[in-house]
Amino acid sequence: MRGYNFSAGPAMLPLEVLDQIKEELYDWHAQGASVMEISHRGEAFQQLAAESEQDFRELLSIPDNYHVLFVQGGGRGQFSMVPLNLLRGKTTADYVNTGVWSGMAAKEASKYCHVNQVTSAENSSFTSISKQIDWKLSSEAAYVHIVDNETVNGVEFPFIPETGQVPLVSDMSSNILSKPIEISRYGLLYAGVQKNIGPAGLAVVVVRKDLVGQALPSTPCLYDYQNHVDQKSLYNTPPTFSWYVCSLVFKWLKKQGGLAKMGEINARKAAKIYDYIDQSDFYYNNVDKPYRSRMNVIFRIRDESLYPEFLTQATSAGLLFLKGHKLVGGLRASIYNAMPEAGVDALLNFMEDFRR
Ligand SMILES: Cc1ncc(COP(=O)(O)O)c(C=O)c1O
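Just so you know, these numbers come straight off a predicted model, no measurement behind them.

Moving on, we get to the site of the ligand. Surrounding the ligand, one finds G74, G75, R76, F79, W101, V147, N149, T151, D171, S173, Q194 and K195. Measuring from an oxygen atom of the ligand, one finds a backbone N or O atom of R76 at 2.8 Å. Measuring from an oxygen atom of the ligand, one finds a side-chain N or O atom of K195 at 2.7 Å. Sort the elements by how many residues they give to the shell around the ligand and helix α3 (residues 74–86) lands first, with 4 residues. For the shell around the ligand, the class distribution of residues is 3 nonpolar, 6 polar and 3 charged.

Given below as structure tokens:
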């Protein structure tokens, strides 16, 4: 029986999308074969690629001076691609340390440049984000990197940092398409697709056109954005199935009413869980309220010995994968776009029953 899947990723997909995949699996668009079994160079797949880019652009209102790329290598691939492409002759990049993933991004970048750690929330165990006025930005930085939503720590930026002429780069792997955003405030944003879009295998990159074309000479060809721009993201064989499912999710999102609607629903879902936790003396969350993630709700039980029992009973009730990340422990409910409000209600009912 299918349950409510709270996994941080690969994560839940909309049921309607799964039904459509099932429906057209053997014979996709009268090709006489599934979408996984046809050439990415053929007309049918090229049309899918073009239409999915168009839908993605519409959803996020992406201006014409930005490229949209679908590339392999997931989120971590971008930890390398960003410095390889965006240093553009400079030797320093600013990294804001708000949790596990921003630390990893900075570590990878330090292979290619001097990483200036602008601020770190490590002392507060990553339960907050310092005000931008306290950051130590470098005047020499090629770009400023943030992780908009820290999937492991459950911390999300409630504001877009102001970086002037220095391009802002944002890892949105775990909150892309969860609300409308102002693309023109960013130089580049990226996301591994396996949380809020589709099956693992791809990352989407939105990059301002003037930032492409100056990769370090030693950049592997697959890591040079210019090659993906020139070949419309078909430079090498892409994970066609992943891309196809992403294309269906874009259509599903448009049908739900787009990102304004998703933003409303996501805010409501998260608020329901946090409100319940905050009034409880049994559960707690220690992230500062303005910085709490709308996507990955971390929660703990005061009596830590109860975690195994909580997880066993939750799984039996069809509430799946609620275990917190091994680095931080506790519990985590990932409630991306595909998680219906009914799933959140079911979780809250279970939490209250368990408490009783
Ligand atoms: C915010 C963030 N960035 C990067 C990654 C790494 O993504 P991938 O496993 O696709 O390399 C993750 C994965 O969970 C993530 O949550």
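Back to the write-up after that little detour.
Neighbouring strands of a sheet are bound in pairs by backbone hydrogen bonds; such pairs are parallel or else antiparallel. Strand order across the open sheet formed by 3 strands is β11-β12-β14, with antiparallel pairing between neighbours. Pairing within the sheet leaves two strands with one partner each, and these edge strands are β11 (283–284) and β14 (331–334). Bridge count for β11 against strand β12 (residues 296–301) is 2 bridges, and the pairing is antiparallel. Looking at the pairing, Y284 lines up with R300 of β12. Across the sheet, helix α7 (residues 258–278) is in contact with β11 and β12; its angle to β12 comes to roughly 20 degrees.

Let's shift gears to a nonpolar patch on the surface. On the surface, L25, Y26 and M36 cluster together to form a nonpolar patch covering roughly 360 Å² of accessible area. The residue Y26 is located in the loop between α1 (15–24) and α2 (43–60) in this model.

This next bit is on the packing of α7 against helix α9 (residues 341–355). One way to put it is that α7 packs onto α9 with a least axis distance of 10 Å and a crossing angle of 5 degrees. As judged from the angle between their axes, α7 and α9 are roughly parallel. Contacts between α7 and α9 pair I265, R268, K269, K272, I273, Y276 and I277 from the former with E341, V344, D345, L347, L348, M351, E352 and R355 from the latter. Residue composition of the contact of α7 with α9, by class: 8 nonpolar, no polar and 7 charged.

Judged by pairing direction, the sheet is mixed, and its 7 strands sit side by side in the order β2-β10-β9-β8-β5-β3-β4 without closing on themselves. Of all the strands in the sheet, just β2 (66–71) and β4 (114–120) have a single pairing partner and so form its edges. Between one strand axis and the next, the sheet turns by 20 degrees as a mean value, whatever way the strands run. For strand β3 (residues 92–97) and β4, the ladder comprises 6 bridges, and the chain directions are parallel. The residue of β4 that forms the bridge with A93 is V115. Docked against the sheet, α2 engages β2 and β10 (203–208), running at close to 125 degrees with respect to β2. Of the strands in this sheet, β3, β4 and β5 (141–147) are in contact with helix α4 (residues 100–109), which crosses β3 at around 165 degrees.

Cut-offs and rules
Residues numbered from 1 in each chain as written. Predicted model: local features only at pLDDT ≥ 70, side-chain atom pairs only at ≥ 80, totals over all residues. Heavy atoms only, no water. Near = heavy atom within 4 Å. Polar contact = N/O pair within 3.5 Å; in protein donor to acceptor, adjacent residues only side chain to side chain. Helix = DSSP H or I, 4+ residues; strand = E, 2+ residues; numbered from the N terminus. Nonpolar A, V, L, I, M, F, W, Y, C, P; charged D, E, K, R; others polar. Pairing = 2+ DSSP bridges. Contact = heavy atoms within 4.5 Å. Axes fitted to C-alpha atoms, helices over the stretch in contact; angles between N-to-C directions. Patch = residues over 30% accessible without salt bridge, like charges linked within 9 Å, V, L, I, M, F, W, Y side chains within 5 Å. Areas by Shrake-Rupley, 256 points an atom, 1.4 Å probe, with all protein chains shown as cover. Salt bridge = Lys/Arg side-chain N within 4 Å of Asp/Glu carboxyl O. Parallel < 35°, antiparallel > 145°, perpendicular 65-115°, else oblique.

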